[in-house]
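# What the coordinates show
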Amino acid sequence: MKPFTIKSEELLYKISQYAKKAGRVATRPVLLLYFVWKSPITPTQEKRMILLALAYLVLPIDLIPFGRFGLWGWADEAFSVWTIYKKVSHNITPAIEWEVEKLLEDWFPGTWYEILPE
C-alpha cells in the first residue's frame, strides 16, 4: 500500500481557501501549526498530529457538518486545531511567528483585527 503523502504547497493552498472563509484571526493558529509542521526541528510524532488536525480542517470529510448543524459544525474543527496547538505550541519560534504574520499580511493586507457582521 502506498503511504499517504501531501505536498506542503498543496496544504498551504487548502489553508488559503479556508482562510477566505474563516478570516485572519481564525487563520493565525492554523498557519502557526502549518509552519511548525514544516520546521525541521519539530519531532516526527508532533508533525503527524499537526498533519491530522490540518487535514481534518481542510478536507471535505467532516464528522459534524456545518451545513447540517450550523456553528456546531465548526466546533469539531476548532477543537482539533486548539488541542494540537496546545500540544505543539512550544515549537513556535519567533521566525515562525514572523512567517505567519508576513503571510497573513499578504492574504489580509492592512487588517490587524476583524469586525464580525451581526
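Residues numbered from 1 in each chain as written. Predicted model: local features only at pLDDT ≥ 70, side-chain atom pairs only at ≥ 80, totals over all residues. Heavy atoms only, no water.

## A word on the pattern of salt bridges
Counting across every chain of the model gives four salt bridges. The closest approach of N and O atoms between arginine 24 and glutamate 105, which form a salt bridge, is 3.7 Å. Of this pair, arginine 24 sits in helix H2 (residues 24-38) while glutamate 105 is found in helix H6 (residues 94-107), placing the two residues 81 residues apart along the sequence. Arginine 24 gets classed as buried once you look at its relative accessible area, which sits at 5%. Glutamate 105 sits in the partly exposed class, given a relative accessible area of 28%. Residue lysine 102 is joined to glutamate 99 by a salt bridge in which the shortest nitrogen-to-oxygen separation is 3.9 Å. Placement of the pair is lysine 102 and glutamate 99 together in helix H6, with a separation of three residues, close to one helical turn. The class for lysine 102 is partly exposed, based on a relative accessible area of 39%. (Salt bridge = Lys/Arg side-chain N within 4 Å of Asp/Glu carboxyl O. Helix = DSSP H or I, 4+ residues; strand = E, 2+ residues; numbered from the N terminus. Buried < 20%, exposed > 50% of the residue type's maximum accessible area, 1.4 Å probe, protein only.)

## What to know about the confidence of the model for the chain
Per-residue pLDDT for the chain has a mean of 82; in total, 76% of the residues score no lower than 70. Within the chain, the element-level pLDDT minimum falls on helix H4 (residues 66-69), averaging 58, and the maximum on H6, averaging 94. (pLDDT = per-residue confidence, 0-100.)

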